[in-house]
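Each chain, letter by letter, is given below.
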Amino acid sequence: MKKIWMMMAMAAIFAGCSNEEEFESQAGYYTLTGYADAESRTAFDIPGDGSIPFKWSVGDKIWVGSTQSDAIANDGNSAIFTFASEPSGDVYYNMTDTSSPNEANVKTEQTVANLGANGDFGYGTINNGSFILNHATAYLWFDITAIPEGATLQSITFDAGAATIAGKAKWDGSKFGTISNGSNSIKLNVNKATVSGAETAMVVFPAVVESASVTYQLIVDNKTKYYKQSLDAKTL
């Protein structure tokens with residue numbers, strides 16, 4: 001079982017989701033139908049009951065082996081992924097355009113409300129026409145309750161101390177291998193005067209963090225201001 005952690009009062013990791021999928025072929029092309037539950041995929045909704053609900057997002061693609069599906073045109077709790085030829089192999093959700101579908105690429109600079117491009121990664125194995133998509137990376141959510149009136153939140157930078165939370169690592173079927181180009185810091189670009197729901201979430205590699213800090217960059221009265229807070233962390 002992978003270890004994840006959360007920061008008291010300020011942020012929480014929400015890792016682990018599963019979607020049940022059905023595999024079928026139709027009239028010259030092949031489809032993979034995915035079903036999303038309340039804690040899956042990449043589109044944000046309002047968080048509640050200690051979890052962040054996710055749905056399939058417009059533009060999502062699925063890898064099966066080395067074959068990538070077409071992008072979906074609609075978001076929602078279910079989606080149909082189409083393939084020009086019959087795919088074969090393990091299933092990966094990987095939107096970072098790496099040369100290896102089984103390699104996660106968690107970015108050191110991320111964009112708000114764009115988990116797929118930030119490095120979100122999932123995997124599964126087709127079994128008798130279906131598979132369960134498991135979530136391998138984790139999410140760090142900053143619970144921003146209010147931004148000062150007239151201010152813009154430019155970015156949030158998280159420093160994980162000695163822990164590596166970004167970089168590239170291959171999935172071997174049960175765990176991530178050694179992280180290359182590793183970093184202990186991720187910057188989430190926001191550039192908003194208001195944020196809602198679970199927008200302020202970043203993708204991270206699962207990690208045990210002994211101590212950490214978060215820095216908020218704001219524009220107030222046309223001046224840049226930084227607010228830094230040291231945080232204790234714990235493993236779940």
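In this numbering scheme, every chain counts its residues from 1 along its sequence in written order. Per-residue local features of the predicted model are confined to residues with pLDDT of at least 70, and side-chain atom pairs are confined, for both listing and counting, to 80 or more; whole-chain, interface and lining totals are unaffected and use all residues. Excluded from the side-chain calculation are hydrogens and water; included are all heavy atoms of the structure.

**Student:** Help me understand the overall build of the chain in this model?
**Tutor:** In DSSP terms, a helix is any run of H or I states spanning at least four residues, a strand is any run of E spanning at least two, and both are numbered starting from the N terminus. Assigned secondary structure in the chain consists of one helix and 22 strands. For the exposure calls, accessible area comes from a 1.4 Å probe over protein chains only, and a residue counts as buried if that area is under 20% of its type's maximum, exposed if over 50%, partly exposed in between. Burial analysis of the chain (236 residues in total) assigns 46% to the buried set. Long-range contacts, defined here as pairs at least 24 residues apart, represent 61% of the contacts in the chain between residues at least 6 apart. Counting every atom, the chain has about 11300 Å² of accessible surface; 45% of that belongs to carbon and sulfur. Contact between two residues is taken to exist if any of their heavy atoms lie within 4.5 Å; hydrogens are not considered. Per-residue accessibility takes into account occlusion by the displayed protein chains alone, with areas from the Shrake-Rupley method and a 1.4 Å probe.

**Student:** Explain the nonpolar core here, please?
**Tutor:** Counting 40 residues, the largest nonpolar core has F121, F142, I156, F158, F176, M202 and Y216 as its most contacted members. Looking at this core element by element, the count peaks at five residues for strand 21 (residues 211-220). Ranked by size, the runner-up nonpolar core spans 11 residues in total, among them V64, A79, F81 and L133. Buried Ala, Val, Leu, Ile, Met, Phe, Trp, Tyr and Cys residues form a nonpolar core when they are joined through side-chain atoms within 4.5 Å.

**Student:** Explanation requested: the packing of aromatic side chains in the structure shown.
**Tutor:** Pairs were defined over the aromatic rings of Phe, Tyr and Trp, the Trp ring being its six-membered one, requiring ring centres within 6.5 Å. Orientation was assigned from the angle between planes: stacked under 30 degrees, edge-to-face over 60, tilted for the rest. For the structure on display, the rule yields seven aromatic pairs. Ring geometry for F176 versus F205: centroids 5.0 Å apart, planes at 80°, classification edge-to-face. On the criterion of sequence distance, the pair formed by F176 in the loop between strand 17 (166-170) and strand 18 (180-183) and F205 in the loop between strand 20 (201-204) and strand 21 is long-range, its members being 29 residues apart. The buried category is assigned to F205, whose relative accessible area is 1%.

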